[in-house]
Amino acid sequence: MITIGQTPLANLLEDLLGREVNLQPVDKVEPHEATYRGMVTDEDDLVAVIGSDLEFAHTTGAALALIPAGRLDGLDQPDDVLLEIYTEVANVMSRLVNEATIYRTRLDPGVTHSTEALEEVIKSGSMIEACTATIAGYGTGNLGIWYNPPAEAFHG
Amino acid sequence: MKILVVDDSAIMRKLVTRSIRQAGFGDAEVIEAEDGAIALEVAASQLPDVILADWNMPVMTGIEMLRELRASGDMVRVGFVTSESTTAIKTMAEEAGASFFLSKPIDKVELEDVLNAVRV
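What counts, and where the lines are drawn
- Residues numbered from 1 in each chain as written.
- Chains lettered and ligands numbered in written order.
- Predicted model: local features only at pLDDT ≥ 70, side-chain atom pairs only at ≥ 80, totals over all residues.
- pLDDT = per-residue confidence, 0-100.
- Helix = DSSP H or I, 4+ residues; strand = E, 2+ residues; numbered from the N terminus.
- Buried ≥ 20, exposed ≤ 12 C-beta atoms within 10 Å, placed from the backbone.
- Contact = placed C-beta atoms within 7 Å.
- Pairing = 2+ DSSP bridges.
- Axes fitted to C-alpha atoms, helices over the stretch in contact; angles between N-to-C directions.
- Arc of directions from axis to C-beta.
- Left-handed = near helix turned anticlockwise from the far one by under 90°.
- Nonpolar A, V, L, I, M, F, W, Y, C, P; charged D, E, K, R; others polar.

*Asks:* I'd like a description of the confidence of the model for chain B, backed by residues and values.
*Replies:* Caution is warranted with low-pLDDT regions, since their predicted coordinates should not be read in detail. The share of residues in chain B with pLDDT of 70 or more is 100%, and the mean pLDDT across the chain is 93. Scored by ipTM, the complex comes to 0.75, with pTM at 0.85.

*Asks:* Can you tell me about the environment of W55(B), naming the residues and giving the values?
*Replies:* Residue and element names in this part refer to chain B. With respect to the helices and strands, W55 occurs in the loop between β3 (50–53) and α3 (62–71). Residue W55 is classed as buried on the basis of its C-beta count, with 22 C-beta atoms lying within 10 Å. C-alpha separation for the pair W55 and E68, spaced 13 residues apart in sequence, amounts to 14 Å. Once you skip the residues sitting within four places of it in the chain, W55 turns out to touch T61, G62, I63, F80, T82, E84 and I89.

*Asks:* Give a description of the sheet that holds strand β4 (residues 77–82) of chain B that names residues and reports values.
*Replies:* Two modes of strand pairing occur in sheets, parallel and antiparallel, and in both the strands are linked by backbone hydrogen bonds. Residue and element names in this part refer to chain B. Pairing within the open sheet is parallel, and its five strands lie in the order β2-β1-β3-β4-β5. The strands lining the two open edges of the sheet, one partner per strand, are β2 (29–33) and β5 (100–103). Across this sheet, the average inter-strand angle for adjacent strands is 20 degrees, counted without regard to direction. Where β3 and β4 come together, four bridges link them in parallel fashion. Residue A53 lies in a different strand from β4, and its bridge partner there is F80.

*Asks:* Describe helix α2 (residues 36–46) of chain B, naming the residues involved and giving the relevant values.
*Replies:* Residue and element names in this part refer to chain B. Buried residues of α2: G36, A39, L40 and A43, and no others. Each buried residue of α2 lies within a common arc of 105 degrees when the element is viewed along its axis, so the set occupies one face. Facing away from the buried side of α2 by over 90 degrees, the exposed positions are E41 and S45. Against the buried residues of α2 lie β1 (2–6), β2, β3 and α3. Positive phi appears at L47, one or two residues downstream of α2, with a value of about 50 degrees.

*Asks:* Please set out the packing of α2(B) against α3(B) residue by residue, giving values where relevant.
*Replies:* All names here are of chain B. Packing of α2 against α3 leaves a shortest axis separation of 9 Å and a crossing angle of 35 degrees. Crossing of α2 over α3 shows right-handed handedness. Contact residues: α2 offers G36, A39, L40 and A43, while α3 offers G62, E64, M65, E68 and L69. Grouping the constituent residues of the contact of α2 with α3 by class yields five nonpolar, two polar and two charged.

*Asks:* Now, about unusual backbone geometry: what can you tell me, with residues and values included?
*Replies:* Residue K104(B) is joined to P105(B) through a cis peptide bond whose omega torsion reads -5 degrees. With respect to the helices and strands, the residue P105(B) is situated in the loop between β5 and α5 (108–119). Despite not being glycine, L66(A) shows a phi value in the positive range, around 60 degrees. Mapped onto the elements, L66(A) comes out in the loop between α2 (54–65) and α3 (80–100). Overall, the presence of 11 C-beta atoms within 10 Å leaves L66(A) in the exposed class.

Set out below in structure tokens:
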């Protein structure tokens, strides 16, 4: 079974954000649509999706850009600026997906796959990471990574 | 030292620049480009000492940029700062003439080492 591993993920987030990150496994993550980030092969096949609740996306985005944590107070709707920065968090996390799977993937730069296609991966794929992340000084949020390789990966 | 940072993400360019400062190169002149094609123009006009480039970018990728530089006879040092990390990608970069390969998130000690090598 493919997994990311919480220690590599925690280490990566700590190195990226420059602050302590604690991860706790959870059974289920319900990502917000605005946080879906697809990962594609060089042939643009969608093979994985990174998604989170808004809290994870906002806290990691703010922490990465050194935006004061007070900006997050009462923020319960998608924040475009923080979500754009969160995309870079997802981009860096894609490295771990590459290391865990047989595919060389990259963040889908052109957002060429529909929300429905991304949701299908979340619905049908294997959840290879599910955790609650606490970013020191910023807050807590839930992160999930789903993997759904093309069917031909299992043939010949 | 003049450093050209090439990345399609503005926030990542800022982060790389911040890492350069934190690695002890606060006096370096950092210039930016948002893809490989623009980087070629900037490199030709600004003559950087080293280029730190992302791998995946629209218009022209980092490896395409490096190959164009070498084809034109420009031997400026080029290193990749990328979330790519597979052996195949690293080999491709080396064969194209890359001087170093740093994974995101940037290890400041590694960055300091490669920039010190440029300064020598």
